[in-house]
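# Structural overview
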Amino acid sequence: MATEGGGKEMNEIKTQFTTREGLYKLLPHSEYSRPNRVPFNSQGSNPVRVSFVNLNDQSGNGDRLCFNVGRELYFYIYKGVRKAADLSKPIDKRIYKGTQPTCHDFNHLTATAESVSLLVGFSAGQVQLIDPIKKETSKLFNEERLIDKSRVTCVKWVPGSESLFLVAHSSGNMYLYNVEHTCGTTAPHYQLLKQGESFAVHTCKSKSTRNPLLKWTVGEGALNEFAFSPDGKFLACVSQDGFLRVFNFDSVELHGTMKSYFGGLLCVCWSPDGKYIVTGGEDDLVTVWSFVDCRVIARGHGHKSWVSVVAFDPYTTSVEEGDPMEFSGSDEDFQDLLHFGRDRANSTQSRLSKRNSTDSRPVSVTYRFGSVGQDTQLCLWDLTEDILFPHQPLSRARTHTNVMNATSPPAGSNGNSVTTPGNCAPPPLPRSNSLPHSAVSNAGSKSSVMDGAIASGVSKFATLSLHDRKERHHEKDHKRNHSMGHISSKSSDKLNLVTKTKTDPAKTLGTPLCPRMEDVPLLEPLICKKIAHERLTVLIFLEDCIVTACQEGFICTWGRPGKVGSLSSPSQASSSGGTVV
């Protein structure tokens, strides 16, 4: 089970844990923090976040690390499991006044040993473009806060683009920017481009092209996080209203939705092949959603408080191949698989694609993902074939999958021939009897909404190929409220343009949008360990380690089994306390 022992041992911080792969071990000398290593007083501050980039330099030490702590932003060479951290020599350090950095993202496409483009979002709504190698600040977007005055919750470069980036705010709005364009000196005027169930997209009306190129209004309340699919064609958004919404990014079509068990959804991630999405939030659960079938296929319960980060581990996702088969799809379909600009998981991705592109089942796959939460615990989960394909006989060897209450899960197509973000075959989505909406056919193929509306500002969208996509309409019982009556709504009365359906929030429970707990398999974590004193805010899987961070401002490196060598420790190396499991 997830925990061992009781009493005092339960509250001790773990410094190692064991899974089927072997022993994961905390490397105290590889801990990054502010140079004085003093725990940060995190009261009232924004979450600590970490971003990585690999500069592909010839030294073999091309990893760079960026993290924010309070009003400070640091940029270091990341030495990982190889050498101890030297905190006395940050490449760049910035201290901000009047605002705090909240999130950041590197452009992996343009990064070199001499220059790197880093976007930083702030609590007052601005977005800064900086080069921490050249120590330059090139541009500031939304400087006068005329576009949005609320906190930036998530910022990411559009995959495959050198100039486009997307910014989400706690207002519930998202904005598409181009670094080549300026922001206006007055508040932007918008015209409606596309409207659907609980979302609206506007273009910016101006004589010359300026930022923002697009404004998305999604759901109610804060838009807490978004994530692009591995191929960059789809966008998954999670909001304070408890909904996951998945869009075709290029055509601005709503692909599918899901509702949390209760409360807001805080985090989201895609499987390496784009077939599954995992969310976490205020219901203390991790929820696995099938992109193909547009339905919840499992929930995981291990956390004792809100889940702050979910992430798939592409290096531990196991694929067992059977007979050789042809690989369907081009190499280009997978060039944007990893967020860290690495090709290290290409073999896993290729084998996953084989698994998804065949109607037979010669390839067996187990997905590994992790989660961290405000309960200071790290959980690791395995998503196995008895959950992915419940019509097959259940394996007796799956010791960490609880399917007691899932003897008759919702039926649905395995969808192996269906277009997914990791398997770009042209057939349209089939109708599944478990989908929360019906598929309505449109004659002919859709052209991209963006092509005509903002062609001058979004020329880079040519890199994001467009699929024929069937238009989808959700049933009228689609809600955007918190599903349980005792959860207070944090939604705001903003844009009346967004379609609203006023129905009893409890009616979502028991529908495909939000199945009852007994209607889907309940996963148990492989491990569930307390690894910090303060709430955890970061979980990143790298090839030779796992990186976590807590609100005190300590970024920890956990060496993978067999990847830990002897570290040379500088005199100021950390002596993080903890107990061995």
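The coordinates are above.
Described below are features of the structure shown in this document. The model shown is predicted, which means the values in this text are computed figures rather than measured ones. (Residues numbered from 1 in each chain as written. Predicted model: local features only at pLDDT ≥ 70, side-chain atom pairs only at ≥ 80, totals over all residues. Heavy atoms only, no water.)

### A closer look at the environment of Thr-203
Keep this limit in mind: By definition, any uninterrupted DSSP run of H or I lasting at least four residues is a helix, any uninterrupted run of E lasting at least two residues is a strand, and each is numbered from the N terminus. Relative accessibility thresholds used throughout: buried, under 20% of the residue-type maximum; exposed, over 50%; partly exposed, between the two (1.4 Å probe, protein chains only).
Within the secondary structure layout, Thr-203 lies in strand E15 (residues 199-205). Given the relative accessible area of 6%, Thr-203 is considered buried. As for Thr-203 and Trp-216, which are separated by 13 residues in sequence, their C-alpha atoms are 9.0 Å apart.

### Side note on the pairing of strand E11 (residues 152-157)
As a reminder of what qualifies: For two strands to be treated as a pair, DSSP must find no fewer than two bridges joining them.
Of all six residues in E11, five are buried, a share of seventy percent or more. With five bridges joining them, E11 and strand E12 (residues 164-169) adopt antiparallel strand pairing. Among the inter-strand pairings, Val-155 is bridged to a residue of E12, identified as Val-167. Joining the antiparallel neighbours E11 and E12 is a turn of six residues, in which Gly-160 adopts a positive phi near 80°.

### With respect to the sheet that holds strand E1 (residues 16-19)
To be explicit about the condition: To obtain an axis, a line is fitted to C-alpha atoms, over the contacting stretch when the element is a helix, and the angle between two such axes runs from 0 to 180 degrees between their N-to-C directions.
Pairing is antiparallel across the open sheet formed by five strands, whose spatial order is E1-E2-E36-E35-E34. Each edge of the sheet is formed by a strand with only one pairing partner; in this case those strands are E1 and strand E34 (536-541). Across the sheet, the mean angle from the axis of one strand to that of its neighbour is 20°, orientation sign disregarded. In this sheet, strand E2 (residues 22-26) lies alongside E1 in antiparallel orientation, the contact comprising four bridges.

### Remarks on the packing of aromatic side chains
The test is simple: For this analysis, a ring pair means two rings from Phe, Tyr or Trp (six-membered ring only for Trp) whose centres lie within 6.5 Å, classed as stacked if their planes differ by under 30 degrees, edge-to-face if by over 60, and tilted for the remaining angles. Geometrically, a lysine NZ or arginine CZ counts as sitting over a ring once it is within 6 Å of the ring centre and also within 35 degrees of the ring normal.
Taken as a whole and assessed by the stated rule, the structure comprises 26 aromatic pairs. Relative to Tyr-78, the ring of Phe-52 has its centre 4.9 Å away and its plane inclined at 75°; by these criteria the two rings are edge-to-face. Within this pair, whereas Phe-52 is found in strand E3 (residues 50-54), its partner Tyr-78 is found in the loop between strand E5 (72-77) and strand E6 (92-95), the two being separated by 26 residues in sequence. Phe-52 gets classed as buried once you look at its relative accessible area, which sits at 3%. With a relative accessible area of 2%, Tyr-78 lands in the buried category. Summarising the aromatic geometry, the rings of Phe-141 and Phe-165 are spaced 5.2 Å apart at their centres and angled 65° between planes, so their arrangement reads as edge-to-face. Taken together, the positions of Phe-141 in strand E10 (residues 136-141) and Phe-165 in strand E12 put the pair 24 residues apart, joining distant regions of the chain. Neither Phe-141 nor Phe-165 differs from the other in exposure class; each is buried. Grouped by ring-pair contacts, the aromatic residues Tyr-32, Phe-52, Phe-67, Tyr-74, Tyr-76 and Tyr-78 constitute a single cluster. Between the NZ or CZ atom of Lys-259 and the centre of the ring of Phe-243, over which it lies, the distance is 5.9 Å.

### Quick word on the pattern of salt bridges
Counted only if it meets this: Each reported salt bridge corresponds to a side-chain nitrogen of Lys or Arg within 4 Å of a carboxyl oxygen of Asp or Glu.
All chains considered together, the criterion is met by twelve salt bridges. The salt bridge involving Arg-94 is made with Asp-92; its shortest N-O contact spans 2.9 Å. Residue classification places Asp-92 among the buried residues on the basis of a relative accessible area of 9%. Residues Lys-233 and Asp-231 are paired through a salt bridge, measuring 3.8 Å at the closest nitrogen-oxygen approach. Overall, the relative accessible area of 7% leaves Asp-231 in the buried class.

Shape is all these values report; function is a separate question.
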